[in-house]
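Commentary on secondary and tertiary structure
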Amino acid sequence: MKKFVLQKEEPRKRPEDYSIPYAELLNQQQMDAVFHEKGPALVVAGAGTGKTRTLVHRVARLVESGINPSNILLLTFTRRAAKEMLRRASNILDERCKQVQGGTFHFYCSMLLHRYSDAIGYPSNFTIIDTADALEVIQFVRTQLNLHKKKKRFPNKNTLLNMISTSKNKHLDLRIVLLEEYPQFLEQEEKIIQVAEAYQEYKEKNFVMDFDDLLINTRDLLAKNDDIRIKIASRNEYVMVDEFQDTNKLQAELTELFSSVHGNIMAVGDDAQSIYSFRGADHQNIMDFPERFKGTKLIKLEENYRSTPQILQVANNLLKQANFKFDKELYSNNKEGELPALVQSSSEHDQSRFITQALLQLREQGKELNEMAVLFRNGRDSFDLEVELNRKNIPFVKYGGQKFTEAAHIKDVLAHVRVLVNPMDTIAWNRVLMLLDGIGPKTAQDLFEWIQLAKNPYQLDLSDTTSKSYIDQLKELSKLLVDIKENDRSVSKVIELIVNYYRDFCKDRYDDYPKRLKDLEAFVNVSESFLSLPKMLEELALDPITATAVDTEQKTKEEAPLILSTIHSAKGLEWKHVFIIQCLDGIIPSAYSVEDEEQLDEELRLLYVAATRAEEMLYFSYPVLAQSAYGDYFTQPSRFITEMNEELVEEWKLIEEEQQQQLDEGDQKQLPG
DNA sequence: AGAAATGGTTTTTTT
DNA sequence: AACCATTTCT
């Protein structure tokens, strides 16, 4: 027998043992995070302090040290963020980094639940409903319960879903939620609870889960089945959670469960950037982390590499206004810049003119459009600007506000897909049938009862009711569905057929149909990238198309577009020039938050997040006059801006060209000879 | 009875 | 602009 001696492999511990020169690329605190070995760690990272950079290098370092990439779990706020980080890690190391488990809590939970569906009594092909679907279910059970016929106005479906979701995310009784947050609806408590129960029942009967269910059911799965928990957590040798300040209590619990075998958990976040409490996020999670995970190593990243000192001064000054103080002061060794601008315009439209012209001027100076961004509190705050940008042919993409896949016309098309994928989908059939003339909630419901019993749910010949006005339309629909079912076509071909069928409905229903028809064409193109109809539905639910509109044809040659974004959707991103528009009291802070100190603080953090996106130059802009249905009225600039130390910003005055010329002439007259 | 039209109210941010 | 409740139409 021959002996072969295996050398003992020294675990790589010190930076010098690695091929990547980490010490040259990172500062000391970042190094501490990247080289943190075992046990829990909390990285408190201020805006622009290289948080993402640190996570990316930590992934690379762990993989390089020999950890199997699929035993690393990286949880992020969006799937896009996870993909981007793994791409960057692959760039600095190699492709192995792409095998790191990653994504949102919802995505990872969905994966686990599909795998262990038996344990919770669901079929493995249960479907996920997004917010818009959930709203339709609420609407459906609401009409079924026939709750109206009361002088008192019943909460709308959005409010109802918010109530239900809050009670689940914060683990409170629905009554308590009503008492604390919706006292105006307390009178209707019984009926609201009825809706909540009917909603829950619908989901269980139809084997669907909403976003909250994904988290709750995973928590229950792991908490009640120790064998499954150990199996899953054993695999998660290293767990990292990004944006920890925006996780909710459930997610904090899940974090603990996921890492419960190895205990190697690193959370990264910034309590000053917590902006999702409306969704149940609890920035207390950051403060509680060291208690939840005993022996936590605390690492603080404090040097900002993103912005000029002038921008940071403004950001720091904003935070000082908080009712509940932060112990935070960003500093930077970056080179000096200009004072942030405070721009007052006479109207919203003049504001749009200013932004557009300023953008064009910057472009002439050689700046790329995609180095600039316009940020705002609400999706609608950019409507006027969008019109102006279109007029000036400035290409832009908008993030936040209504998503592409949430628009009614796209939902209509998708409802046909859902009917084809699952003929028992009540809500989808409802939507499809109610498009037809003469079919309302009741008839749609009756037809669905019939469909449930039919041999072929797509063969809609109800020969005995020929007298009905909608019978011909029903035949058309049936022809489409049967045809798609019987032929094996590509996803995009199917979408094209549905769009062709739907086009006339679109024209009838919407005045702005040209725009919507364009969206439909774009959707046919987008659908090419999906492998199957069920996969498409799943992907779109967990990772919806975040832009508001999608280009019909990929205009590859054209320049990279300007970014318009809600502040919420701008999280984690950065641009050289950042314009924050509609800085008005009532908008930011939102009128709904001014009563409550904590909510007011969140609005302040929102403005802080917006301001810290800027690298070179920051502009706050607001109009003094606003239009409403009843006429124009004067507005107040945001209290956060008026309370700011005025030396930190420079006021810009907008002057019309003619006025300027008159001024010039006036000046000349005063000049001697 | 049930669909469509009309009038008055409310309107955030998103996985 | 979307939504809810009520009124009018088929």
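Residues numbered from 1 in each chain as written. Chains lettered and ligands numbered in written order. Predicted model: local features only at pLDDT ≥ 70, side-chain atom pairs only at ≥ 80, totals over all residues. Heavy atoms only, no water.

1. Things to note about the pairing of strand E11 (residues 341-347)
Counting buried positions along E11 yields 5 of 7 residues, so the element is predominantly enclosed. Bridging between E11 and strand E18 (residues 650-653) involves 4 bridges; their strand directions are parallel. Bridge assignment links Gln344 to a residue of E18, and that residue is Lys653. (Buried < 20%, exposed > 50% of the residue type's maximum accessible area, 1.4 Å probe, protein only. Helix = DSSP H or I, 4+ residues; strand = E, 2+ residues; numbered from the N terminus. Pairing = 2+ DSSP bridges.)

2. Structural notes on the nonpolar core
In this structure, Trp429, Leu433, Ile495, Phe523 and Met536 are the most contacted members of the largest nonpolar core, which totals 49 residues. Of all the secondary structure elements, the ones that give two or more residues to this core are helix H17 (408-421), helix H18 (426-434), helix H19 (441-453), helix H20 (471-486), helix H21 (491-509), helix H22 (513-527) and helix H23 (533-542). Of the residues forming this core, the biggest block, 9 residues, is contributed by H21. Setting aside its immediate chain neighbours within four residues, Phe523 contacts Phe404, Ile410, Val413, Leu414, Ile495, Met536 and Leu540. (Core = buried A, V, L, I, M, F, W, Y, C linked by side-chain atoms within 4.5 Å. Contact = heavy atoms within 4.5 Å.)

3. Re the protein's contact with DNA strand B
Near DNA strand B you find 26 residues, and of these Arg279, Arg377, Lys403, Gly438 and Thr443 are the closest. Protein-adjacent atoms of DNA strand B, using a 4 Å cutoff, are sugar or phosphate at a proportion of 64%. Separating a sugar or linking oxygen of DNA strand B from a side-chain N or O atom of Thr104 is a distance of 3.5 Å. For DNA strand B, a sugar or linking oxygen lies 3.1 Å from a polar atom in the side chain of Arg279. With 3 residues, H19 is the largest single contributor of residues to the surface near DNA strand B. Classifying every residue of the surface near DNA strand B by side-chain character gives 7 nonpolar, 13 polar and 6 charged. (Near = heavy atom within 4 Å. Polar contact = N/O pair within 3.5 Å; in protein donor to acceptor, adjacent residues only side chain to side chain. Nonpolar A, V, L, I, M, F, W, Y, C, P; charged D, E, K, R; others polar.)

4. Here's the deal with the sheet that holds strand E8 (residues 297-301)
Within the open sheet, the 6 strands sit side by side as E3-E2-E6-E7-E1-E8. Their pairing is parallel. Lying at the two open borders of the sheet, with one neighbouring strand each, are strand E3 (101-103) and E8. Neighbouring strand axes in the sheet, compared pairwise and without regard to direction, differ in orientation by 10° on average. Contacts from helix H3 (residues 51-64) reach strand E1 (41-45), strand E2 (72-75), strand E6 (238-241), strand E7 (265-269) and E8 within the one sheet, and its direction differs from that of E6 by about 170°. (Axes fitted to C-alpha atoms, helices over the stretch in contact; angles between N-to-C directions.)

5. Quick word on the UniProt feature "binding site: ATP" (unreviewed entry) in chain A
Those residues carrying the UniProt feature "binding site: ATP" (unreviewed entry) are Ala45, Gly46, Ala47, Gly48, Thr49, Gly50, Lys51 and Thr52 in this numbering. The residue Gly46 is located in the loop between E1 and H3 in this model. Gly46 gets classed as buried once you look at its relative accessible area, which sits at 5%. In contact with Gly46, not counting residues within four places along its chain, are Asp270, Gln273, Leu301, Lys328 and Leu330. Examined against the element boundaries, Ala47 turns out to sit in the loop between E1 and H3. In contact with Ala47, other than residues within four places in its own chain, are Asp270, Gln273, Asn304, Arg306, Leu330, Thr612 and Arg613. (UniProt positions renumbered as here; feature names shortened; annotations may be inferred.)

6. Observations regarding the packing of helix H7 (residues 157-169) against helix H8 (residues 174-181)
Contact geometry for H7 and H8: axes closest at 9 Å, N-to-C directions at 115°. It follows that H7 is roughly perpendicular to H8 by the angle criterion. In this structure, H7 meets H8 at a crossing whose hand is right-handed. Here Met163, Ile164, Thr166 and Ser167 of H7 lie close against H8, whose contacting residues are Leu174, Val177, Leu178 and Glu181. Counted by class, the contact of H7 with H8 contains 5 nonpolar, 2 polar and 1 charged residues. (Parallel < 35°, antiparallel > 145°, perpendicular 65-115°, else oblique. Left-handed = near helix turned anticlockwise from the far one by under 90°.)

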